[in-house]
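Analysis of the macromolecular model
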Amino acid sequence: MKFASLTLTAAVSTCFVSVQGFSPAASFSARASSALQSTVEAPQERVAPGAGWEPEWEGREGKSPDEFLNSDMSRPDLSGMWECPLTRWDSEGIDVVKAQREAKKMPHCPLELKASPAMNAQGIDYFSKNKKKIRADLLKYGAIWLRGFDLMQDVNGFRDMHEALGLDPCLDPLHSSGLRKFASERDALYEEVNKPSLRGHYIGLHCESTAKRTAAYAAFVCFQRATEGGGRFIVADGAAILAEMDTKVLQKLYDRKIRISVSNLDIPPALPGFIKEGIKGAVDKAVAPKFDMDLEMIYESDGKPGRLQAVETAESPINRHPVTGLPVWFNNAH
């Protein structure tokens with residue numbers, strides 16, 4: 001990821017989230033629970049995928065954390081953000097073969113926009129003057145990679161940019177879970193998930209959404225190069241994923257839908273049934289409020305004896321874009 005570079009993504013067009021939401025559809029309703037089936041297999045090693053294209057580091061000098069996180073206290077406090085809007089589902093009656101054919105026609109994502117000296121000289125005015133075109137390109141390409149802009153080297157310039165583009169901030173879809181904390185709450189800026197317990201895990205590509213909540217736009221910024229290696233920011237194109245996936249596999253996933261386990265608890269398999277049911281009820285009361293989801297507590301759904309899982313209701317892995325109507329891959333399994 002380039003220093004002070006920025007990626008804007010439009011949810012459903014790509015695999016990631018954002019800061020302004022879809023309005024809820026009048027036809028939205030919770031999906032019915034479905035049975036889970038699994039087979040016990042040896043766990044596979046998870047390896048991060050190679051990038052289709054990995055750009056070189058530009059070596060630009062940036063600001064220190066004390067500088068780039070120094071919020072302008074004279075500006076309005078944005079901490080009273082709206083809830084993340086409800087997901088707009090429009091996934092019924094999709095012809096998978098036709099959807100793949102249409103997805104192949106989409107332009108390369110992301111669109112790269114590199115700042116020239118003249119563009120940098122305009123500062124915030126560049127985004128104010130070009131708001132209409134940038135928003136149109138975001139809809140067309142799904143994501144824009146803004147590179148080399150001096151404005152977004154700190155939290156104040158980053159806020160200038162998204163306010164100039166008219167992107168209204170909202171809470172993260174999983175805000176209530178506590179998984180993601182704020183880097184600057186008064187500027188509506190979250191920090192990436194940075195838990196030490198997750199350092200040894202590869203988190204697969206996924207939509208930053210849930211079956212219930214999705215934001216329509218996202219602005220991601222990198223203020224500092226990773227200090228301990230890694231730090232790569234991978235963006236996947238939801239249309240390209242749909243186009244390139246094996247048609248038979250995609251059809252099967254679409255027909256059967258996908259359920260996702262959001263929490264696992266392993267308890268001794270030999271415990272009496274009434275104790276297991278008591279634990280199940282306690283976990284339901286403790287876990288469900290942390291996730292704004294419709295969850296079902298199920299024992300041993302993945303074949304492991306004694307494992308209690310909190311599982312989301314079934315959802316389609318394909319959804320139509322709320323503006324263009326284009327079907328794209330839209331799923332947060334990882």
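Residues numbered from 1 in each chain as written. Predicted model: local features only at pLDDT ≥ 70, side-chain atom pairs only at ≥ 80, totals over all residues. Heavy atoms only, no water.

Right, let's get into the packing of aromatic side chains. One pass over the structure, following the stated rule, counts 7 aromatic pairs. Their ring planes at 20° and their centres at 4.2 Å tell us that F182 and Y190 sit as a pair that is stacked. Overall, the relative accessible area of 18% leaves F182 in the buried class. Take Y190: its relative accessible area is 17%, and that puts it in the buried class. Ring pairs connect the aromatic residues F68, F158 and F223, which therefore count as one cluster. For K257, the ring lying beneath its charged end belongs to Y254, and the centroid distance is 5.8 Å. (Phe/Tyr/Trp six-rings, centres within 6.5 Å; stacked < 30°, edge-to-face > 60°. Buried < 20%, exposed > 50% of the residue type's maximum accessible area, 1.4 Å probe, protein only. Lys NZ or Arg CZ within 6 Å of the ring centre and 35° of its normal.)

The next thing to look at is helix α6 (residues 155-164). Within α6, 9 of the 10 residues are buried, leaving the element largely enclosed by the surrounding structure. Three or more residues of α6 are buried, namely V155, N156, G157, F158, R159, D160, M161, H162 and A164. With a side-chain oxygen lying 3.2 Å from the backbone nitrogen of N156, the N-terminal cap of α6 falls on D154. G166 occupies a position one or two residues after α6 and carries a positive phi of about 75°. (Helix = DSSP H or I, 4+ residues; strand = E, 2+ residues; numbered from the N terminus. Polar contact = N/O pair within 3.5 Å; in protein donor to acceptor, adjacent residues only side chain to side chain.)

We now examine the sheet that holds strand β8 (residues 261-266). Strands sit in the order β8-β10-β9 across an open sheet of 3 strands; the sheet is antiparallel. Strands with a single pairing partner mark the edges of an open sheet, and in this sheet they are β8 and β9 (295-299). Averaged over all neighbouring strand pairs, the angle between strand axes comes to 20°, with direction disregarded. With 5 bridges joining them, β8 and strand β10 (residues 307-312) adopt antiparallel strand pairing. In the sheet register, S263 faces β10, and the bridge partner there is A310. (Pairing = 2+ DSSP bridges. Axes fitted to C-alpha atoms, helices over the stretch in contact; angles between N-to-C directions.)

The next point concerns the environment of K276. Inspection of the secondary structure puts K276 in helix α9 (residues 273-287). The buried category is assigned to K276, whose relative accessible area is 14%. Each C-alpha atom, one on K276 and one on L308, is 9.0 Å from the other, the two residues being 32 residues apart in sequence. When residues no more than four places from it in sequence are discounted, the contact partners of K276 are I267, P268, P269, L271, Y299 and E300. A polar side-chain atom of K276 sits 3.0 Å from the main-chain carbonyl oxygen of P269. (Contact = heavy atoms within 4.5 Å.)

Tracing the sequence through the fold places D172 in the loop between α6 and β5 (182-184). Those residues in contact with D172, other than ones at most four positions away along the chain, are C84, R180 and Y190.

The analysis is restricted to geometry; functional conclusions fall outside its scope.
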